[in-house]
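Survey of secondary and tertiary structure
Next come the chains, spelled out residue by residue.
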Amino acid sequence: MAEIGKGVTAGKLASNVQKRLSRAQEKVLQKLGKADETRDAAFEEMVANFNKQMTEGTKLQKDLKAYMVAVKTMHEASRRLQDCLADMYEPDWYGKEETDALAEEMIEKELDFTLEDLDTLWLEYHQNITDQSLLCVDTYLAQFPEIKARIAKRDRKMVDFDSARHHFTSLQKSKKKDEAKIAKPAALLEMAAPSWAQGLISAHQVAQTNLSYNQAEEELGRAQKIFEELNVELQDELPTLWDSRVGVYVNAFQKLANHQEKFHREMGNLTQNLHDIMTKLEEQRELKRDDAAISKKGEGKKSEGANHSESAAVAPKSTVANGSDGELPPGFLYKVKAVHEYTATDGDELELNVGDIVLVLAFDNPDEQDDGWLLGLKESHWLQKKNISAKGVFPENFTQKV
């Protein structure tokens with residue numbers, strides 16, 4: 001309760017206490033059925049919708065915040081996993097040969113860029129949802145406390161209006177009774193008073209009755225005006241607020257869905273890049289293992305390149321048969337196996353089915369070889385027809401060396 005001396009006078013304090021007592025008394029009488037209550041079924045339905053709307057909006061806000069916490073937690077877990085991968089990736093795993101140093105350095109840089117992009121993508125995803133979905137819901141819910149307070153005030157003013165109305169009605173009834181009594185001067189005071197004073201006493205009683213009646217009428221008018229002003233304002237605002245919820249939900253979830261779609265699409269691209277990097281590292285390991293075996297047998301030269309296409313161009317020169325043994329086509333380098341289907345889109349391309357064994361051939365003119373493409377002939381065709389008329393180019397990353 002407010003203290004006297006801090007902007008609240010004793011009279012104001014007494015008035016507030018009297019209002020609370022009058023409201024409590026009025027509510028008790030209404031519950032006992034001794035006083036009628038102003039009811040508005042349409043407005044009560046609006047208030048029920050408002051409470052439902054506020055509950056749903058608060059739950060949405062709470063769940064969105066929980067989702068944001070989960071995104072942040074997932075981001076931190078992803079970052080720790082990325083840091084672990086970066087720490088474990090050591091060039092020493094694959095040797096320190098001069099020919100491999102450049103390739104390993106390039107792979108390291110590519111890995112760093114990929115991990116940085118993943119971190120940036122998580123941060124942007126978190127920020128976009130916060131700015132465009134959560135902030136929208138926060139702004140929407142910010143208006144509810146003020147409207148809720150006005151609904152409570154409207155309810156209090158309605159009780160004040162009912163109390164003033166009942167008080168005025170009771171005075172109307174008592175006024176009629178007092179007028180009847182005044183018309184019959186039966187009071188002892190009037191009987192004892194001189195005849196010239198009896199009229200003054202009657203007039204005084206009438207004046208007091210009229211004063212109380214007029215004060216009650218004015219109080220009723222003020223209470224009714226305040227109540228009706230609040231009632232009209234809320235009847236205009238509550239339906240508009242109720243209709244606005246659809247737009248808020250659409251906006252919040254539509255933007256959330258858009259950001260999720262974008263995030264997962266870009267995350268898929270980055271994780272594919274990470275997968276490709278790991279594939280390169282595995283290919284590098286396989287090449288080094290093959291080079292070590294060839295070196296021990298004295299049947300090949302030391303590898304002059306780190307990646308698959310470079311080693312393919314120079315490593316197996318000693319295995320080129322040039323048709324001398326009648327078993328392999330001229331210019332044969334090594335065999336690969338198709339791990340993905342490839343549909344030829346040009347006349348000089350070789351169509352692949354999963355499982356096909358392809359004999360890789362050397363290009364007649366090395367300048368004609370595009371990066372990532374090999375020239376070859378299906379082994380089945382060579383075994384049947386012993387000619388290279390069906391040779392064609394195909395993407396290297398659709399195959400695996402055997």
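Chains are numbered independently. Their residues run from 1 in the order of the written sequence. Local features in this predicted model are restricted to residues whose pLDDT is 70 or higher, and side-chain atom pairs enter the listing and the counts only when it is 80 or higher, whereas totals over whole chains, interfaces and linings include all residues. To obtain the side-chain values, all non-hydrogen atoms of the structure were included, while hydrogens and water were left out.

1. Let's talk about the overall build of the protein chain
- A count of helices and strands for the protein chain gives eight helices and five strands.
- Helix and strand definitions here come from DSSP, where helices need a minimum of 4 consecutive H or I residues and strands a minimum of 2 consecutive E residues; each element is numbered from the N-terminal end. Ordered by position from the N terminus, the helices and strands of the protein chain form the series α-α-α-α-α-α-α-β-β-β-α-β-β.
- In this analysis, two residues are considered to be in contact whenever any of their non-hydrogen atoms come within 4.5 Å of each other. Of the contacts formed within the protein chain by residues at least 6 apart in sequence, a portion of 67% connects residues at least 24 apart.
- Under the convention used here, a 1.4 Å probe and the Shrake-Rupley method define accessible areas, while residue burial counts only the protein chains that appear. As presented, the protein chain carries roughly 25500 Å² of accessible surface, and 55% of it is formed by carbon and sulfur atoms.

2. What to know about the pattern of salt bridges
- Throughout this description, the term salt bridge denotes a Lys or Arg side-chain nitrogen within 4 Å of a carboxyl oxygen of Asp or Glu. Taken as a whole, this structure holds 10 salt bridges when the rule is applied.
- Glu 237 is the partner of Arg 150 in a salt bridge, and the nearest nitrogen-oxygen pair spans 2.9 Å. You can see Arg 150 sitting in helix H4 (residues 144-183) and its partner Glu 237 sitting in helix H6 (residues 195-297), a full 87 residues away along the chain.
- The partly exposed category is assigned to Glu 237, whose relative accessible area is 32%.
- Between Asp 155 and Arg 154 there is a salt bridge; the shortest N-O distance is 3.5 Å.
- The class of Asp 155 is partly exposed, set by a relative accessible area of 33%. Exposure categories follow from relative accessible area, calculated using a 1.4 Å probe and restricted to protein chains: below 20% of the type maximum is buried, above 50% is exposed, and the middle band is partly exposed.

3. Digging into the environment of Glu 217
- With respect to the helices, strands and loops of the structure, Glu 217 is situated in helix H6.
- For the pair Glu 217 and Phe 168, spaced 49 residues apart in sequence, the C-alpha to C-alpha distance is 6.2 Å.

4. Notes on the nonpolar core
- Within this scheme, the nonpolar core is defined by two criteria: the residues are buried Ala, Val, Leu, Ile, Met, Phe, Trp, Tyr or Cys, and they are joined through side-chain atoms within 4.5 Å. Judged by nonpolar contacts, the single largest core of 30 residues is most densely connected at Phe 50, Phe 144, Ile 147, Ile 151 and Leu 238.
- Elements that contribute at least two residues to this core include exactly helix H2 (41-88), helix H3 (98-141), H4 and H6.
- A total of 10 residues in this core trace back to one element, the largest contributor, which is H3.
- Each residue touching Ile 151, except ones within four places of it in the same chain, is listed here: Val 47, Phe 50, Leu 234 and Leu 238.
- Membership of the second largest hydrophobic core comes to 11 residues, among which are Val 336, Leu 350, Val 360 and Phe 394.

5. Focus: H2
- Here the expected length of a helix is defined as 1.5 Å per residue gap, with one fewer gap than residues. Taking 1.5 Å per residue, 48 residues should reach 70 Å; H2 reaches 70 Å between its end C-alpha atoms and fits that length.
- Polar contact is defined as a pair of N or O atoms within 3.5 Å, subject to the rule that within protein one atom must be able to donate a hydrogen and the other to accept it, and that residues adjacent in sequence are counted only when both atoms are side-chain atoms. Where H2 starts, the residue carrying a side-chain oxygen 3.3 Å from the main-chain nitrogen of Ala 42 turns out to be Asp 40.

6. A closer look at the side chain of Arg 154
- Assignment of secondary structure puts Arg 154 in helix H4.
- According to the relative accessible area criterion, Arg 154 is buried, its value standing at 4%.
- Among the polar contacts listed, one links the side chain of Arg 154 to the side chain of Asp 155, at a separation of 3.5 Å.
- In contact with Arg 154, other than residues within four places in its own chain, are Asp 40, Phe 43, Phe 227, Leu 230, Asn 231 and Leu 234.

7. Considerations on the pairing of strand S2 (residues 357-361)
- The buried fraction of S2 is high, at four of five residues.
- Here strand S1 (residues 332-338) runs beside S2; their pairing, made up of five bridges, is antiparallel. Paired with Lys 335 across the bridge in S2 is Leu 359.
- In this structure, S2 lies alongside strand S3 (residues 373-378), joined through four bridges in antiparallel fashion. Counterpart to Leu 361 in the pairing with S3 is Leu 375. When DSSP finds two or more bridges between two strands, those strands count as paired.

8. Quick word on the pairing of S3
- Alignment of S3 against strand S4 (residues 392-395), held across four bridges, turns out to be antiparallel. Note that in S4 the partner of Trp 373 across the bridge is Pro 395.

9. Regarding the confidence of the model for the protein chain
- pLDDT is a residue-level measure of predictor confidence that goes from 0 to 100. Averaged over all residues, the pLDDT of the protein chain is 74; the fraction at 70 or higher stands at 68%.
- For residues 93-106, every residue scores under 50 in pLDDT, and the model assigns this stretch 25 contacts once sequence neighbours within four places are set aside.
- Across residues 180-186 the pLDDT falls below 50, and counting only partners more than four positions away or on other chains, this stretch makes six contacts in the model.

10. Topic: the side chain of Glu 349
- Within the secondary structure, Glu 349 sits in the loop between S1 and S2.
- A distance of 2.8 Å separates the side chain of Glu 349 from the backbone nitrogen of Thr 345, its partner in a polar contact.
- Contacts of Glu 349, omitting those with residues within four sequence positions, involve Tyr 342, Thr 343, Ala 344, Trp 373, Gly 392 and Val 393.

11. Focus: the sheet that holds S4
- In space, the five strands of this open sheet follow the order S4-S3-S2-S1-S5, with antiparallel pairing throughout. The outermost strands of the open sheet, each flanked by one partner alone, are S4 and strand S5 (399-401). Strand after strand, the sheet turns through a mean of 50 degrees between neighbouring axes, direction not considered.
- Here S1 runs beside S5; their pairing, made up of three bridges, is antiparallel. Within S5, the residue paired with Lys 337 across the bridge is Gln 400. Axis definition: a line fit to C-alpha positions, over the contact stretch in the case of helices; interaxial angles, taken between N-to-C directions, run 0 to 180 degrees.

12. As for the environment of Arg 265
- Take Arg 265: it is sitting in helix H6.
- A residue is classified by how much of its surface remains accessible, and Arg 265, at 41% relative accessible area, is partly exposed.
- A polar contact is formed between the side chain of Arg 265 and the side chain of Glu 261, at a distance of 2.7 Å.

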